[in-house]
Amino acid sequence: MRILVLNPNTTASMTEKIGAAARRIASAGTELIAANPTSGPPSIEGFYDEAMCLPGLLQVIRDTPDVDAVVIACFDDTGLDAARCLTDKPVIGIGEAAYHMASMIANKFSVVTTLARSVPALEHNLHRYGLAARCARVRSSEVAVLELEDPGSNAYARITDEIGRAVAEDRAEAIVLGCAGMTDLTERLSAEHGLPVLDGVVCAVSLCEAMVRLRLRTSRLGGYAPVPRQKLAYA
């Protein structure tokens, strides 16, 4: 089994961290290809960055056809619908995966993400997935994405403080970390706060493996119908 784990931003160090987390959870025999576009924004923080990263994201998928599934490793689930039009292989967003898993292990969960400008997109996705009622609140830690790559920043302290507030104020029973760059923090945060802390990267990889084993494919009827050949030439 081969899974493409696609970081839609261009920060290679983040791609390496995401790939390492995915490999730790993957089953024996699963090959993980961690990749990012060569052009586009270095981080995705809000609607503008999402739009600017789409051409590069879709090109990576087109250039990597020999895989069994694709993980979109941006918590906004950037380009998820467009990617599903490019391939009938399972395509899973890390936000989508983490929300669904959290809803199965807790009555309600809170999301702790990066900047406040990312909150509306995540709230929109929760409504779209039918899980808004299970989410107590989407919280911003006011940690910029690239601060997660800086060992000298106080990113961890701000994230753990926000989780503490989610437990006290939201009565959250689980926490979803709202950025792929937080993937290496789950075990430490879970132990510190005494509740499940979910990272979407590992959730999405595990779901992809299950879907491939079940031989599930993306429907080609309706909205995810294949892109007409003449439109592929626009890329």
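Here the structure is shown first, and the text comes after it.
A quick note: this is a predicted structure, and the numbers were derived from the prediction, not measured.

Some remarks on the overall build of the chain
Consideration 1: Looking only at helices and strands, the chain features nine helices and eight strands.
Consideration 2: For the chain, whose C-alpha radius of gyration is 17 Å, the value lies close to the compact-globule estimate of 18 Å for 235 residues.
Consideration 3: Its C-alpha atoms put the chain at 55 × 35 × 35 Å along the principal axes.
Consideration 4: For the chain, the proportion of its 235 residues judged to be buried stands at 53%.
Consideration 5: Counting contacts in the chain only where the partners sit at least 6 residues apart, residues at least 24 apart contribute 71% of the total.
Consideration 6: A total accessible area of about 10,700 Å² is found for the chain, and carbon and sulfur atoms account for 53% of it.
Consideration 7: One finds the centroid of the 23 positive side-chain charges in the chain at a distance of 6 Å from the centroid of its 28 negative side-chain charges.

A closer look at the sheet that holds strand β5 (residues 109–113)
Consideration 1: Reading across from one edge, β6-β5-β7-β8 is the order of the four strands in this open sheet, with parallel pairing throughout. The open sheet is flanked by β6 (135–140) and β8 (197–199), the only strands paired with a single partner. Each strand axis lies, on average, 25° off the axis of its neighbour in the sheet, ignoring direction.
Consideration 2: Relative to strand β7 (residues 174–178), β5 is paired through five bridges, and the arrangement is parallel. Following the sheet pairing, Phe-109 is matched in β7 by Ala-174.

Examining the sheet that holds strand β2 (residues 31–35)
Consideration 1: Across the sheet, which stays open at both edges, the four strands sit in the order β2-β1-β3-β4 with parallel pairing between neighbours. In this open sheet, the two edge strands, each paired with only one partner strand, are β2 and β4 (91–93). Neighbour to neighbour, the strand axes of the sheet diverge by 20° on average, direction disregarded.
Consideration 2: Relative to β2, strand β1 (residues 2–6) runs parallel, the two sharing five bridges. Note that in β2 the partner of Arg-2 across the bridge is Glu-31.

Looking at the pairing of β7
Consideration 1: By the criterion of burial, β7 is predominantly enclosed, with five of the five residues buried.
Consideration 2: Burial along β7 is two-sided: Ala-174, Val-176 and Gly-178 facing one way and Ile-175 and Leu-177 facing the other are all buried.
Consideration 3: Handedness of the crossover joining β7 and β8 through helix α7 (residues 186–193) is recorded here as right-handed.

Remarks on the nonpolar core
Consideration 1: Grouped together as the largest cluster of nonpolar side chains are 68 residues, with contacts concentrated most on Tyr-99 and Ile-159.
Consideration 2: When residues of this core are assigned to their parent elements, the largest contribution, six residues, is made by helix α8 (residues 200–213).
Consideration 3: Leaving out residues up to four positions away in the same chain, Tyr-99 has contacts with Phe-75, Phe-109, Val-111, Leu-122, Asn-125, Leu-126, Tyr-129, Leu-131 and Val-176.

Some details on empty space enclosed by the protein
Consideration 1: Applying the stated rule across the entire model yields one cavity of 30 Å³ or more.
Consideration 2: Computed from the structure, the largest cavity encloses a volume of approximately 130 Å³.
Consideration 3: Lining the largest cavity are 15 residues, and of these Ile-44, Cys-74, Phe-75, Val-145 and Cys-179 sit closest to its centre.
Consideration 4: Of the residues assigned to the lining of the largest cavity, the class counts are eight nonpolar, six polar and one charged.

Quick look at the state of the cysteines
Consideration 1: Counted according to the given criterion, the structure contains zero disulfides.
Consideration 2: Here Cys-203 is not disulfide-linked; the sulfur of Cys-208 is the nearest cysteine sulfur, at 11 Å.

What counts as what
- Residues numbered from 1 in each chain as written.
- Predicted model: local features only at pLDDT ≥ 70, side-chain atom pairs only at ≥ 80, totals over all residues.
- Heavy atoms only, no water.
- Helix = DSSP H or I, 4+ residues; strand = E, 2+ residues; numbered from the N terminus.
- Rg over C-alpha atoms; globule rule 2.2 N^0.38 Å.
- Buried < 20%, exposed > 50% of the residue type's maximum accessible area, 1.4 Å probe, protein only.
- Contact = heavy atoms within 4.5 Å.
- Areas by Shrake-Rupley, 256 points an atom, 1.4 Å probe, with all protein chains shown as cover.
- Lys, Arg positive; Asp, Glu negative; His and termini not counted.
- Charge placed at Lys NZ, Arg CZ, Asp CG, Glu CD.
- Pairing = 2+ DSSP bridges.
- Axes fitted to C-alpha atoms, helices over the stretch in contact; angles between N-to-C directions.
- Right-handed = clockwise from strand over helix to strand, strands pointing away.
- Core = buried A, V, L, I, M, F, W, Y, C linked by side-chain atoms within 4.5 Å.
- 1 Å grid on protein atoms, 1.4 Å probe; cavity = no way out; pocket = protein on both sides within 12 Å on 5 of 7 lines; lining within 4 Å.
- Points joined across faces, edges and corners; volume = space filled by probe spheres on them.
- Nonpolar A, V, L, I, M, F, W, Y, C, P; charged D, E, K, R; others polar.
- Disulfide = S-S within 2.5 Å.

Note that all results are geometric; they support no functional claim without further evidence.
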